[in-house]
Amino acid sequence: MFENMIAKLKANKRKLVFTEGLDPRIIEAASRLHKDGILAPVLLGNPDQIAVAAKECGWSIDGIEIVDPLNYADFEAMVAKMVELRKGKMDEVACREALSKSNYFGTMLVKMGLAHGLLGGATYSTADTVRPALQLVKTRPGNKIVSSCFIMNRATENGTEKYVLADCAINLFPSEDELVEIAVETARSAKAFDVEPKVAMLSYSTMGSGKGESVDKVHNATEKLKAMNLEFPVDGELQFDAAFSPEVAKIKCSNSPVAGQANTFIFPDINAGNIGYKIAQRLGGFDAYGPILQGLNAPINDLSRGCNAEEVYKMAIITAVLD
């Protein structure tokens, strides 16, 4: 999965901000990414402290850019820009205080075009990654929400299996309009990872076999998607077996353009999504990459606080390859 992404990035090297430059996991991943020529890391933090930390964990940071938010030459210009962006919501004092923190400072680097994207959250919550992104970078035109997806990857005898699942981490109970937005953004993500999306809108019902408010929501969202004349096939509502298995699809919905061959799965709520991806990961032996944030104007992603350096390395590649 990563070979194609790495090749793309080496041909078009991008700058990625790491908000926690002092963390040994971040230092290791950044050192490897720089040495491998994949992207240009930017570590946020005190340069002297980062140098000591790098020496202690045995990784070279020679040639890696380090930016200290507390001693940034253009800090005043950044404050002024943030005041403009948060007009009526945050005054200069509040903006100055926020920018002393690496999550806000790093997000402003992205907003000002000084970096392609950002990866953070190894030591703080998802909310502390998403909040500055929503306030400063904001959602893509036409989008109202941020959502997430997971890339599920598994090696097989004939190569690899790869699927995209959403939303498993951000939106608790999306409305039908939010499901529409999640489906469109997830198809966009799928293409970024070389998956030609065939989108299944999942439910406990297949084409009216079940009844209920949740079924109606998924059905209505599907109809809205079909009316949009999208560049990818979408169908629903579909049970997972009908969406995935050609044999079941022949029985339950033989005329569907998606059933039996779906590779992009949209869950009706976070309960189903979160449980679903973890079942695939633990029982199915899939590697799960994510959550990958969707709908923002720039690539910004969140790390698990329990992540290791290898996961940081891979999430950095995933983030950098996104547009």
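Located above this text is the structure these notes cover.
Chains are numbered independently. Their residues run from 1 in the order of the written sequence. The predicted nature of this model means local features are confined to residues of pLDDT at least 70 and side-chain atom pairs, given and counted, to a pLDDT of 80 or more, with totals for whole chains, interfaces and linings taken over all residues. Note: side-chain values were computed over all heavy atoms of the structure, leaving out hydrogens and water.

### So, the layout of surface pockets
Looking at the largest pocket, its volume works out to about 590 Å³. Method remark: on a 1 Å grid restricted to protein atoms, a set of points is classed as a cavity if a 1.4 Å probe fits but cannot get out and as a pocket if it is open with protein on both sides within 12 Å along at least five of seven lines; lining residues have an atom within 4 Å of a point. Forming the walls of the largest pocket are 27 residues, and the residues nearest its centre are Ala288, Gly290, Ser304, Cys307 and Glu311. For helices the rule is a DSSP run of H or I covering at least 4 residues; for strands it is a run of E covering at least 2, with both sets numbered from the N terminus onward. Listing elements by their share of the lining of the largest pocket, those giving two or more residues are helix H12 (270-282), strand E10 (287-294) and helix H13 (309-321). Amino acid classes used here: Ala, Val, Leu, Ile, Met, Phe, Trp, Tyr, Cys and Pro are nonpolar; Asp, Glu, Lys and Arg are charged; the rest, including Gly, are polar. Among the residues forming the lining of the largest pocket, the class breakdown is eleven nonpolar, eight polar and eight charged. Grid points are joined across faces, edges and corners, and a volume is the space filled by probe spheres set on the points. Taken as a whole, the second largest pocket spans an internal volume of roughly 430 Å³. Around the second largest pocket sit 18 residues that line it, and Leu165, Leu202, Phe240, Phe267 and Gly276 are the ones nearest its centre. When residues of the lining of the second largest pocket are traced back to their parent elements, those giving at least two are strand E5 (147-156), strand E6 (159-166), helix H10 (240-244) and H12. Counting residues per element, the lining of the second largest pocket draws most heavily on H12, at four residues.

### Quick look at the sheet that holds strand E1 (residues 15-18)
The strands that make up a sheet are held in pairs by hydrogen bonds between backbone atoms, and each pair lies either parallel or antiparallel. Being paired, for any two strands, means DSSP has found at least two bridges between them. A sheet is described by the order of its strands in space; here five strands give the open sequence E3-E2-E1-E4-E11, paired in parallel fashion. The open sheet has two edge strands, strand E3 (65-67) and strand E11 (300-302), and neither has a second partner. Each strand of the sheet is rotated relative to its neighbour by a mean of 25°, with strand direction disregarded. Bridging between E1 and strand E2 (residues 40-44) involves four bridges; their strand directions are parallel. Bridged to Val17 within E2 is Val42. Contacts were defined at the residue level, with two residues in contact if any of their heavy atoms lie within 4.5 Å. In this analysis, axes come from line fits to C-alpha atoms, helices being fitted only over the stretch in contact, and the angle between any two N-to-C directions falls in the range 0 to 180 degrees. In this fold helix H7 (residues 126-137) packs onto strand E4 (117-120) and E11, with an angle of close to 165° to the strand it touches most, E11. Together, E1, E4 and E11 form the strand contacts of H13, whose direction differs from that of E4 by roughly 155°.

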